[in-house]
Amino acid sequence: PIWIIKIGHMEMIIKQMIVCFLLFMMGGTCSLQADNNHPNNELKTQCAGQGEKGPRNFKPEQFRRDLMAFVSRAAGFTAEESKVYFPLFFEMKDKQRSIEHQKGHALRQAARTNMNERDCQRVLREMAALNAKSQRIEKQFMDQMQKRLGAKKLVKAINADRDFGRNFFRKMTK
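The structure displayed is predicted, hence computed values, not measured ones.

The rules we used
Residues numbered from 1 in each chain as written. Predicted model: local features only at pLDDT ≥ 70, side-chain atom pairs only at ≥ 80, totals over all residues. Heavy atoms only, no water. Helix = DSSP H or I, 4+ residues; strand = E, 2+ residues; numbered from the N terminus. Expected span 1.5 Å × (residues − 1). Buried < 20%, exposed > 50% of the residue type's maximum accessible area, 1.4 Å probe, protein only. Contact = heavy atoms within 4.5 Å. Phe/Tyr/Trp six-rings, centres within 6.5 Å; stacked < 30°, edge-to-face > 60°. Lys NZ or Arg CZ within 6 Å of the ring centre and 35° of its normal.

Colleague: How should helix 4 (residues 117–149) be read in this particular structure?
Modeller: Every α-helix winds through 3.6 residues per turn, so residues three or four apart in the chain are directed the same way. Along its 33 residues, helix 4 runs 47 Å from first to last C-alpha, staying within 8% of the 48 Å computed at 1.5 Å per residue. Of all the residues in helix 4, the buried ones are V123, M127, L130, S134, I137, F141, M145 and L149.

What follows is the structure, encoded as structure tokens:
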């Protein structure tokens, strides 16, 4: 039936999105740069030696350097502010990535075994607890950064991180 094909297609899209998200969280080889010729200062991606489908040799160190440069420039960080912001930022992201791995493991385990209703409810409670933990980690980070950098620079940094991630994801999925 047609609905089976559509479900299979959706599953493939979801899997591709998950892979791209995980690659984004790990870092990458593509560098994003502002296009000063574009009216909205659109970002361009430069991927050395890679095909049109996105990075083949994903390098977390390069991704982090590109992200740091982009966020620092967009938020107007001084060298000292960058030294304060990025170690805590990457520590937060590492903790959140670990939580995402735990959630994925719980869901995969639940899908593999024929769990009863009670076990599935336990998995869902575990997921909710992990989501809450991730939000606490992010709030703690934002509170610390707001005290050290100020709300205005923190908001600029958060927006720059989101813009960088969105554009990187867009380039990877084309």
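Colleague: I would appreciate a short explanation of the environment of L154 in the present structure.
Modeller: Among the secondary structure elements, L154 is positioned in helix 5 (residues 151–173). Remark: the alpha-carbon pair of L154 and D143, spanning 11 residues in sequence, is separated by 9.8 Å. Residues within four places of L154 in sequence aside, it is in contact with Y85, M142, M145 and Q146.

Colleague: Is there a simple way to think about the packing of aromatic side chains in this case?
Modeller: Remark: the centre distance and the inter-plane angle together describe each pair of aromatic rings, the angle taken between the planes. Enumeration according to the criterion identifies 13 aromatic pairs in this entry. Considering the side-chain rings of F63 and F164, the 5.3 Å spacing of their centres and the 65° angle between planes classify their relative orientation as edge-to-face. Separated by 101 residues along the polypeptide, F63 in helix 2 (residues 60–75) and F164 in helix 5 bring together distant segments of the chain. Both residues of the pair, F63 and F164, count as buried. Grouping aromatic residues by their ring pairs yields a cluster made of F77, Y85, F86, F89, F90 and F141. Seen from the ring of F90, R64 lies directly overhead, with NZ or CZ sitting 4.2 Å from the centre.

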